[in-house]
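Each chain, written out:
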Amino acid sequence: MKLLWSPSSPYSSKVRMAAHFLGLKLNEIRVDTNTAPAILMESNPLGKIPTLLTDDGASVFDSVAIMHYFDRLAKGKLYPSKKGKRTDAEVLEALSDGICDCLLAIIYERRFRDDEKVHQPWIDRQWKKATSGLAHLSANLPKSAKKLHGGHLALAATLGYLDLRFKGQWEADHAPLIDWLVQFEKKFSAYQELKPSV
Ligand SMILES: N[C@@H](CCC(=O)N[C@@H](CS)C(=O)NCC(=O)O)C(=O)O
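Note that residues are indexed from 1 along each chain, following the sequence as it is written. Only residues with pLDDT of 70 or above have their local features reported here, since the model is predicted, and side-chain atom pairs are shown and tallied only from 80 upward, although totals for entire chains, interfaces and linings are computed over all residues. Side-chain calculation: all heavy atoms of the structure are included, whereas hydrogens and water are not.

**Observations concerning the sheet that holds strand β2 (residues 27-30)**
Sheets are built from strands paired through backbone hydrogen bonds, the pairs being either parallel or antiparallel.
Phase 1 of the analysis: Between any two strands, pairing holds if DSSP finds at least two bridges. Secondary structure elements are defined from DSSP: runs of H or I of at least 4 residues count as helices, runs of E of at least 2 residues count as strands, and each element is numbered from the N terminus. Ordered in space as β2-β1-β3-β4, the four strands form an open sheet in which the pairing is mixed. Of all strands in the sheet, those with a lone pairing partner are β2 and β4 (59-60), marking the two edges.
Phase 2 of the analysis: Looking at chain direction, strand β3 (residues 51-53) and β4 are connected through two bridges and run antiparallel. Residue pairing across strands places L53 opposite S59, the latter belonging to β4.
Phase 3 of the analysis: Working rule for contacts: check all heavy atoms of both residues, and any pair within 4.5 Å makes them a contact. Comment: axis = line fitted to C-alpha atoms, over the contacting stretch for helices; angle = value between 0 and 180 degrees taken between N-to-C directions. Packed onto the sheet, helix α3 (residues 63-73) meets β1 (2-5), β3 and β4 and runs at close to 40° relative to β3.

Below, the structure is given as structure tokens:
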């Protein structure tokens, strides 16, 4: 399996953590989405990462579809099997990814618009959603499950992305999440290697 990815991408970080967690081998191909490389555009019309190219020639995106593909390969080891717990894990992943969607909207607003066209109210709106998501997570910390699952990996990737791109802007208000990450790292020692980075 080939994974098209980039080190700073939080969704790539999540699926790389999942592959590591499940012991799945990936041939990782680093791509720069800004240059729309052929290998990416031919396999994902949206030109987004992560994109997985399977051994039978299929391409799988987005990150949630990749997580579920991995879960099927690993016979259900990535998500809890009990209905209620599975839903909790999927919603935790959706919230974590959704926070990343807001953070990326902020990064892209600044990156792709000329300075005079940057629309601050849009940035403020996205930041409000991201911090409201973080406040919800701080107040409703994921239960410290014995077994890690996809939702935990998604949250760890999101916190890693915040640390990378928004350092100093969120930690003070969300101390429970910092503590949660410390506990997570104790269970997932490859976090430093697989978290979003430059
Ligand atoms: N919902 C998608 C989001 C993927 C996404 O937005 N990835 C970013 C990098 S972190 C990307 O490819 N951006 C390039 C672009 O939008 O052109 C997923 O979960 O995989």
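**A few points about the packing of aromatic side chains**
Phase 1 of the analysis: Working definition: rings of Phe, Tyr and Trp (its six-membered ring) pair if their centres are within 6.5 Å, and the pair is stacked with planes under 30 degrees apart, edge-to-face with planes over 60 apart, and tilted otherwise. Enumeration over the complete set of coordinates arrives at five aromatic pairs.
Phase 2 of the analysis: Geometrically, the ring pair formed by Y108 and F112 is edge-to-face, given 5.4 Å between the ring centres and 65° between the ring planes. Separated by four residues within a single helix, Y108 and F112 lie in helix α4 (residues 83-112), roughly one turn from each other.
Phase 3 of the analysis: Relative to F184, the ring of W180 has its centre 5.4 Å away and its plane inclined at 20°; by these criteria the two rings are stacked. Of this pair, W180 and F184 both sit in helix α7 (residues 175-187), four residues apart, roughly one helical turn. In this pair, the class of W180 matches that of F184, namely buried.
Phase 4 of the analysis: Here the aromatic cluster, defined as three or more aromatic residues joined through ring pairs, consists of W180, F184, F188 and Y191.
Phase 5 of the analysis: In this structure, R16 packs its charged tip against the face of W5, placed 3.8 Å from the ring centre. Relative accessible area decides the class of each residue, using a 1.4 Å probe on protein chains only: under 20% of the type maximum gives buried, over 50% gives exposed, and in between gives partly exposed. Two conditions define a charge located above a ring, namely a distance within 6 Å from the ring centre to NZ of Lys or CZ of Arg, and an angle within 35 degrees of the ring normal.

**As for the packing of helix α1 (residues 10-22) against α4**
Phase 1 of the analysis: Two elements in contact, α1 and α4, have axes whose closest approach is 10 Å; the angle formed by their N-to-C orientations is 150°. As the angle between them shows, α1 and α4 are arranged roughly antiparallel. Two secondary-structure elements touch here, α1 through P10, Y11 and K14 and α4 through E93, D97, C100, D101 and L104.
Phase 2 of the analysis: In this classification, Asp, Glu, Lys and Arg are treated as charged, Ala, Val, Leu, Ile, Met, Phe, Trp, Tyr, Cys and Pro as nonpolar, and every other residue, Gly included, as polar. Of the residues that constitute the contact of α1 with α4, the class distribution is four nonpolar, no polar and four charged. Working rule for angles: under 35 degrees goes down as roughly parallel, over 145 as roughly antiparallel, 65 to 115 as roughly perpendicular, anything else as oblique.

The values are spatial; any link to function lies outside them.
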